[in-house]
Structure formats: structure tokens, C-alpha cells
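The chain contents come next:
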Amino acid sequence: MNKLQHRRVLLGVTGGVAAYKAAEVLRLCQSLGAEVRVVMTPAATEFIAPLTFQALSGLPVHTQLLDAEQEAGMGHINLARWADVILVAPASADFIARLAAGMANDLLTTILLATEKTIMLAPAMNRAMFEDPKTQQNLSKLAAQGVLVLGPDEGLQACGEIGFGRMLQPESLLQSIVEHFSSGELAGLKVLLNAGPTQEAIDPVRFITNHSSGKMGFALAQACADAGAQVTLVAGPVHLPTPSGVERIDVISASDMAEAVLPRAQQADIFIATAAVADYTPAVVSDNKLKKNASGMQLNLIKTTDIISTVTQQKGRPFCVGFAAETDALETYAKGKLIDKSLDMIAANWVGQKDSGFNSDLNALSVYWQNGEQLLDSKSKPELARELISLIATRYHEKNTT
Ligand code: PMT
């Protein structure tokens, strides 16, 4: 399973004998679907050549803080923002000391000072250096700031001594990254989502549809799976790979989507309706291709089933989260839909604008519920999905413990 699909891991390598094992960490992360970029300290390049990491990752390795070319492309601030998680493996005693002191005297320490993402350190050093009170104080200080210290392991060291100081094996480090992304906020819950557009046939060659790509709904399905839920995704006609660990049901029309969603909603704990379901469908679908005529054409449309409103009327209904796609008066319309459709939450987004809503890779959401709201700023749909799922999990657990 691609447990790290769409995850961006920044691998920091510092100077130590264990630096060669970082190549295996990179390979293992990639094998689970992660995108990996490598930053090396100057000392690390004495132990292993940047070319090794470049060949494995297929990307340039970052080594210099003051590199005009790099800063114009992926500079230190961009690298800090790019990463979902930063793992420093191996983390030498010197590097740990500089980090604890808040120094920014090479590219890696500068990135770590600039990031707001989770930092993981895999210390690797001689036993006595690890046990030294100064190293212990540095690690305690970093741990108190939220840095995750992984290991070290006990055993025979490269220097011939036996004790704590060996870097954890690459498989253990990989496991820590996977666990970090499996937040568990929805562990044990069944989540049903719908996503994408629907297609309403006019005749065998024509249909009515909209611009939904499915990106938002698919990102949410992945975020739910990562949060530990058992996920079913009812997808309209889109060209996207199935998120890992998700059961997918493909449908075409609004009535197919209603048929797939309604019975499954009764088994779900949470229903998230991201799909842009057609509100109207042709009253009659012609068996043959409709012929052109000189005077124009009139289509008779009838209303489709409002899927989420039907789910909210079910006995033992799940916690229901709707979406609102608006071109004006976003808050007013979204709050109206929250009430009219008896939703627990609604996530509203602008459509018909650049960098949000339909088909964009970015989106921003204004989320409303009874007596509360939260704005989620513009970011990539996978990142936004993780934030929304965290908010949904909080609201769901609040509702179910009161
Ligand atoms: O797929 P992307 O390209 O990533 O774009 C994402 C998105 C813009 C489609 C998504 O973020 C979004 O806004 N989805 C809801 C689109 C929509 O139909 O909004 P609405 O305001 O018309 O509907 C309100 C709610 O009722 C929605 O949860 C919708 O799924 C639901 N509905 C609508 C009609 C219908 N017949 N049945 C429904 O369940």
C-alpha cells in the first residue's frame, strides 16, 4: 500500500558513519509513495556523495545555504514550506547542539528554524558522546519544543564500543514516519464520501456535467484513510487514481450516485458530500442521437434527488458534512444550506475563480457549523483536506461525547 502517497519528506543528512543508511531511508520512503528531497550538511558529504542521493531521488541534492541558483529555485524557505515532515538521519552530536542553540549556520539548521512542520531526529554518535550531559540536555530541550527524537539504538558501534548511540534501522524510521501520518483521529470510524461531477445523459452522445475534477474529494478520502478510518468513496466520472486504503465505487449520473450513497450512509459514522451532483437531469433520455433542427432546441429538465438532504432525513443518520460551491455571498448561502439541508457542518469554497474550487490544485474553505466557524487558508488540496479532516474529527467527537 502507498501509505506515504502525496507525502513530502525532507531528509536531512548530517556527518556521521550512519550517513550511508540514509540512502536506504530514502529508498524505503519512496517505496511507500513519498516524494523525498535531500539536504546534506557539508560534513555529511565527507561520508557519502550527494550523487548517491541524487541518483536515488532523481532530484538535485541541496547542500549550500548561500547558493544563488538554488535560492532562485527551491531555496531554504521554500524547502521548509515544501516538506510535510523533516527527518534528520543521522543527526550528529554537533548538529543536535547547533539545533538546540537555535543556530542557522548551514542550510539544514536554517530550514529547521524556518519550518513549522514536524521535525524528527535520529541521533547517531559514539556512546559516550550520547551519554554526555550536554547532548542529553540538548535532546531534552528539543523534545520539549516538540521535536521527535527517534532512538538511538543500543549495540556494537562503528568505534568498537557497545552502548546507546547507533542510529535506528531505516525500517524503524520509516515506521515512525508512517505512524506520524496515521493520526488516528478517525480510528475505528466508517467514513463515506462522494466526489467529482455527475454526467446527465441527453442522448447516447451528449450529457450535462460540470467542472469538478474530484481532486478535493479524493484528497479528503486519503486524509480520512490516513486518520485511521475505513473509507468508501463514491466517485463520479474522474481521471484520478484511487487513494490508498480506500474502497472506490464508480458512478456516472446523479441517480447512480444516490443509489450508491443512500444504502451505504446507513452504515457510516460520517458522510462527507464533496461531489458536485447535478441539480437537474433531462426528463427523457433519447435512445437515438437528437438531430439538429433550424429553430433551436429545448430540453425539459427535472430535479435530481438531493442526496445529502435525503441522508440527513435517515433514521440513525451519520454526522453529515456538506460542501457549498458559491460565486457570490458565500457565507450567506453556505449558512442557508447548513440549515436547509440539516447538516452538521458545511465547507464553503469559491468557484469560478483562479486558484480555488473546481479543478484547481489549490483551495481555501470557510467552514461553518451551529455556533462556530473556521477559515482554512489557501493551500494544496491534500494539505487542506488534512486540516478539514482534523476539524471534522474534533466536531464529530465533541458531538458524540456530549
Ligand atoms: O472536484 P474539484 O475539482 O476538486 O472541486 C471541488 C468542488 C468545488 C467540487 C468541491 O469543493 C465542492 O464545492 N463541492 C460541492 C459542489 C456542490 O454541488 O455544491 P452545492 O452548493 O451545489 O451543493 C451543496 C451540497 O449539496 C453539496 O455537499 C452537494 O454534494 C450536495 N448535493 C447537491 C445536489 C444534489 N442533488 N445532491 C447533493 O447531495
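Residues numbered from 1 in each chain as written. Predicted model: local features only at pLDDT ≥ 70, side-chain atom pairs only at ≥ 80, totals over all residues. Heavy atoms only, no water.

**Overview of the layout of surface pockets**
- Approximately 940 Å³ is the volume attributed to the largest pocket.
- Lining the largest pocket are 45 residues, and of these A275, A276, V277, F323 and A325 sit closest to its centre.
- Contributions of two or more residues to the lining of the largest pocket are made by β8 (190-195), α11 (215-226), α13 (307-312), β16 (319-326), α14 (330-340) and β17 (345-350).
- The residue makeup of the lining of the largest pocket, split by class, is 19 nonpolar, 18 polar and 8 charged. (1 Å grid on protein atoms, 1.4 Å probe; cavity = no way out; pocket = protein on both sides within 12 Å on 5 of 7 lines; lining within 4 Å. Points joined across faces, edges and corners; volume = space filled by probe spheres on them. Helix = DSSP H or I, 4+ residues; strand = E, 2+ residues; numbered from the N terminus. Nonpolar A, V, L, I, M, F, W, Y, C, P; charged D, E, K, R; others polar.)

**Here we look at the packing of aromatic side chains**
- The final tally for this structure, using the stated rule, is 1 aromatic pair.
- Judged by centre distance (5.8 Å) and plane angle (80 degrees), the rings of F319 and Y396 are edge-to-face. With F319 in strand β16 and Y396 in helix α15 (residues 381-401), the pair connects residues that are 77 residues apart, well separated along the chain. For the residue pair F319 and Y396, the accessibility class agrees, reading buried in each case.
- Between R37 and the ring centre of W82, over which it is positioned, the NZ or CZ distance is 5.5 Å. (Phe/Tyr/Trp six-rings, centres within 6.5 Å; stacked < 30°, edge-to-face > 60°. Buried < 20%, exposed > 50% of the residue type's maximum accessible area, 1.4 Å probe, protein only. Lys NZ or Arg CZ within 6 Å of the ring centre and 35° of its normal.)

**Focus: the domain arrangement of the protein chain**
- Domain annotation for the protein chain reports domain 1 (8-180) and domain 2 (190-393).
- Centre-to-centre, using C-alpha coordinates, domain 1 lies 41 Å away from domain 2. (Domains from an automatic or database assignment.)

**Brief notes about the sheet that holds strand β1 (residues 8-13)**
- A sheet is described by the order of its strands in space; here 5 strands give the open sequence β2-β1-β3-β4-β5, paired in parallel fashion. At either end of the open sheet lies a strand with only one pairing partner, and these are β2 (35-40) and β5 (148-149).
- Pairing of strand β3 (residues 85-91) with strand β4 (residues 118-123) involves 5 bridges; the strand directions are parallel. Each residue of the ladder has a partner; that of I86, found in β4, is I119.
- On top of the sheet, helix α10 (residues 170-181) reaches β1, β3 and β4; it is set at about 160 degrees to β3, its chief contact. (Pairing = 2+ DSSP bridges. Contact = heavy atoms within 4.5 Å. Axes fitted to C-alpha atoms, helices over the stretch in contact; angles between N-to-C directions.)

**Focus: helix α1 (residues 21-31)**
- The complete set of buried residues in α1 reads K21, A22, A23, V25, L26, L28 and C29.
- Packing partners of the buried residues in α1 comprise β1, β2, α3 (50-57), β3 and α10.

**A look at the nonpolar core**
- The biggest cluster of nonpolar side chains holds 39 residues, and the ones touching the most others in it are L186 and I272.
- Setting aside residues up to four positions removed in sequence, I272 forms contacts with V191, L192, L193, N194, L220, C224, V321, F323, I389 and I392.
- Judged by nonpolar contacts, the second largest core, of 35 residues, contains M40, A89, M167 and L173. (Core = buried A, V, L, I, M, F, W, Y, C linked by side-chain atoms within 4.5 Å.)

**Some points on the side chain of S360**
- By the element assignment, S360 lies in the loop between β17 and β18 (362-369).
- Residue S360 is classed as buried on the basis of its relative accessible area, which comes to 11%.
- A distance of 2.8 Å separates a polar side-chain atom of S360 from the backbone oxygen of L362.
- The contacts of S360, once residues within four sequence positions are left out, are K215, D355 and K381. (Polar contact = N/O pair within 3.5 Å; in protein donor to acceptor, adjacent residues only side chain to side chain.)

**Topic: the site of the ligand**
- Taken together, 29 residues are adjacent to the ligand, and S212, S213, K337, N349 and N359 come closest.
- At 2.8 Å from a nitrogen atom of the ligand is found a main-chain nitrogen or oxygen belonging to T274.
- With respect to the ligand, the backbone of A275 contributes an N or O atom lying 2.7 Å from an oxygen atom.
- For the ligand, whose unbound accessible area comes to 770 Å², protein coverage reaches 95%.
- With respect to the detected pockets, the ligand is housed in the largest pocket. (Near = heavy atom within 4 Å. Areas by Shrake-Rupley, 256 points an atom, 1.4 Å probe, with all protein chains shown as cover. Sits in = over half its atoms within 2 Å of the grid points.)

**Regarding the side chain of T110**
- Structurally, T110 is set in helix α7 (residues 107-114).
- In this structure T110 comes out as buried when scored by relative accessible area, which is 11%.
- Beyond its immediate chain neighbours, meaning those up to four positions away, T110 contacts L65, H76, A104 and N105.

**Details of the sheet that holds strand β13 (residues 270-273)**
- Read from one edge to the other, the open sheet built from 8 strands follows the order β12-β11-β8-β13-β16-β17-β18-β19, with strand pairing classed as mixed. At either margin of the open sheet sits one strand with a lone partner, and together these are β12 (246-250) and β19 (372-380). Across the sheet, the mean angle separating the axes of adjacent strands is 15 degrees when strand polarity is ignored.

**Some words on unusual backbone geometry**
- Following A89, the chain continues to P90 via a peptide bond in cis, the omega torsion being 0 degrees.
- By secondary structure assignment, the location of P90 is in strand β3.
- For the bond from G151 to P152, the omega torsion is 5 degrees, close enough to zero to count as cis.
- Even without being glycine, D355 reaches a positive phi, approximately 60 degrees.
- Structurally, D355 is set in the loop between β17 and β18.

**Brief notes about the pattern of salt bridges**
- Considering all chains together, one arrives at 21 salt bridges under this definition.
- In this structure, R127 and E161 form a salt bridge, with 3.0 Å as the shortest nitrogen-oxygen distance. You can see R127 sitting in helix α8 (residues 127-131) and its partner E161 sitting in the loop between β6 (153-156) and β7 (162-166), a full 34 residues away along the chain.
- Salt bridges here are not isolated pairs; linked through shared partners, they connect D94, R98 and D106. (Salt bridge = Lys/Arg side-chain N within 4 Å of Asp/Glu carboxyl O.)

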